[in-house]
Amino acid sequence: LSKEAMILKSDSFDYSTFREKILLCKEISEESYIHILEKSLYTRDLLSFEELSENKVKYLISNILNTTKVNYDLLRNNFADNHIKLIEKNFNNFITKTEDFETDEKDILLILKSKNITIDNKYNYISYLKDIIVNNKDISNKVGEIIISKGIKIEFVFNLINSLIENVTLKWHKGKIS
């Protein structure tokens with residue numbers, strides 16, 4: 001199976017169900033699971049993978065799962081911090097639908113600290129955070145670091161500037177904030 005790419009559809013066989021059964025199989029060893037699926041060409045917007053091992057789920061995140069609200073929620077509820085890995089995989093999909101993805105302050109901090117999300121994407125994400133920046137010292141600090149690393153002039157509302165000044169614990173930088 002690992003050397004053959006399955007066709008998408010057939011009148012004589014239900015390949016989609018067959019692929020799903022393989023994807024959700026708990027009895028296959030992790031090594032065999034990865035080997036069988038390594039040539040998989042198909043991704044999933046929805047897959048009920050909550051019963052799988054963490055290593056199998058990590059493989060799914062990297063290779064099979066699309067960044068959808070359903071997959072994100074399953075990861076968030078069942079596999080700690082792996083929902084952030086799904087966001088990292090396709091940040092552009094996430095940022096265009098941020099209101100669909102529930103995030104708490106811990107999630108936001110993980111996103112802002114991620115080494116797999118570009119500084120430009122983090123910078124763009126900041127505009128979606130609003131009051132969270134003002135109310136959380138760690139997030140304010142990270143936002144300040146991102147803004148300074150961009151090195152560009154930015155317009156902000158007063159309470160955001162005030163929060164950044166109160167909460168950012170950075171060494172002197174050549175950043176312009178107005």
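Each chain carries its own residue numbering, running from 1 in the direction its sequence is written. A pLDDT threshold of at least 70 governs which residues receive local features in this predicted model, and a stricter bar of 80 or more applies before side-chain atom pairs are shown or counted, although totals over entire chains, interfaces and linings include all residues. For side-chain calculations, the full set of non-hydrogen atoms in the structure is used, while hydrogens and water are omitted.

1. A short note on the packing of aromatic side chains
Note the following rule: Centre distance within 6.5 Å is the pairing criterion for rings of Phe, Tyr and Trp, where only the six-membered ring of Trp is used; planes under 30 degrees apart are then read as stacked, over 60 as edge-to-face, and the remainder as tilted. Secondary structure is summarised from DSSP: a helix means a run of H or I of at least four residues, a strand means a run of E of at least two, and numbering begins at the N terminus for each. For every residue, the accessible area obtained with a 1.4 Å probe (protein chains only) is divided by the maximum for its type, and the residue is called buried under 20%, exposed over 50%, and partly exposed between those limits.
Within the structure shown, the criterion is met by seven aromatic pairs. Look at phenylalanine 49 and phenylalanine 79: their rings are 6.2 Å apart centre to centre, the planes differ by 35°, and that puts the pair in the tilted class. Taken together, the residues span a long stretch of sequence, with phenylalanine 49 in the loop between helix H2 (30-37) and helix H3 (54-63) and phenylalanine 79 in the loop between helix H4 (69-78) and helix H5 (82-89) at a distance of 30 residues. Judged on exposure class, the residue phenylalanine 49 and its partner phenylalanine 79 are both buried. Here phenylalanine 94 and tyrosine 125 contribute two aromatic rings whose centre-to-centre distance is 5.6 Å and whose plane-to-plane angle is 50°, an arrangement assigned as tilted.

2. Looking at the environment of leucine 23
Definition in use: Here, residues are in contact when the closest pair of their heavy atoms is within 4.5 Å.
With respect to the secondary-structure elements, leucine 23 resides in helix H1 (residues 15-23). By relative accessible area, leucine 23 is classed as buried at 4%. Sequence separation between leucine 23 and leucine 47 is 24 residues, and the spatial gap between their C-alpha atoms is 8.6 Å. In this structure, leucine 23 is in contact with Tyr33, Leu37, Arg44, Leu47, Leu52, Leu60 and Ile64, ignoring residues within four places of it in sequence.

3. Some remarks on the environment of leucine 109
Within the secondary structure, leucine 109 sits in helix H7 (residues 105-113). Overall, leucine 109 belongs to the buried group, its relative accessible area being 15%. Sequence separation between leucine 109 and valine 143 is 34 residues, and the spatial gap between their C-alpha atoms is 9.4 Å. Here leucine 109 is in contact with Asp138, Ile139 and Lys142, once residues within four sequence places are set aside.

4. A short note on H1
For an α-helix, the turn length of 3.6 residues means that residues three or four places apart are oriented alike. Put simply, the test is: What the arc covers is the set of directions going from the helix axis to the C-beta atoms.
Among the residues making up H1, those that are buried are Arg19, Ile22 and Leu23. Seen along its axis, H1 keeps its buried residues to an arc of 100°; they face one direction. Structurally, H1 contributes buried residues whose contacts are with H2 and H3.

5. Brief notes about the nonpolar core
Put simply, the rule reads: Side-chain atoms within 4.5 Å are what join buried Ala, Val, Leu, Ile, Met, Phe, Trp, Tyr and Cys residues into a set we call a nonpolar core.
Core analysis: the biggest nonpolar cluster contains 39 residues, and Phe49, Leu60 and Tyr125 have the highest contact counts within it. Other than its neighbours up to four places away in sequence, tyrosine 125 contacts Phe91, Phe94, Ile95, Thr98, Thr103, Ile108, Ile111 and Leu112.

6. Topic: the pattern of salt bridges
Here is the rule: A pair is scored as a salt bridge if a Lys or Arg side-chain nitrogen falls within 4 Å of a carboxyl oxygen belonging to Asp or Glu.
Tallied over the entire structure, the rule returns eight salt bridges. Residue aspartate 73 is joined to lysine 69 by a salt bridge in which the shortest nitrogen-to-oxygen separation is 2.6 Å. Note that aspartate 73 and lysine 69 are positioned in helix H4 at a spacing of four residues, about one turn of the helix. Of the charged contacts in the structure, one is a salt bridge between lysine 150 and aspartate 120, with a shortest N-O distance of 2.5 Å. Of the two residues, lysine 150 is situated in helix H10 (residues 137-150) and aspartate 120 in helix H8 (residues 119-126); the sequence distance between them amounts to 30 residues. Overall, the relative accessible area of 26% leaves lysine 150 in the partly exposed class. Accessibility expressed as a relative area gives 40% for aspartate 120, which makes it partly exposed.

7. Some thoughts on the packing of H2 against H3
What counts is decided by this rule: Orientation is described by lines fitted to C-alpha atoms, with helices fitted over the stretch in contact, and by angles between N-to-C directions that extend from 0 to 180 degrees. Note on terminology: angles under 35 degrees are roughly parallel, angles over 145 are roughly antiparallel, angles of 65 to 115 are roughly perpendicular, and the others are oblique. Rotating anticlockwise by less than a right angle from the far helix to the near helix defines a left-handed crossing, while the corresponding clockwise rotation defines a right-handed one. Asp, Glu, Lys and Arg are counted as charged, while Ala, Val, Leu, Ile, Met, Phe, Trp, Tyr, Cys and Pro are counted as nonpolar; the rest, among them Gly, fall into the polar class.
Running from N to C, H2 and H3 cross one another at 20°; their axes reach a closest spacing of 10 Å. In terms of orientation, H2 lies roughly parallel with respect to H3. Crossing angle aside, the handedness with which H2 passes H3 is right-handed. Along the contact surface, H2 presents Glu30, Tyr33, Ile34 and Leu37, while H3 presents Asn55, Lys56, Tyr59 and Leu60. The class makeup of the residues in the contact of H2 with H3 is five nonpolar, one polar and two charged.

All quantities given are derived from atomic positions and should not be read as evidence of function.
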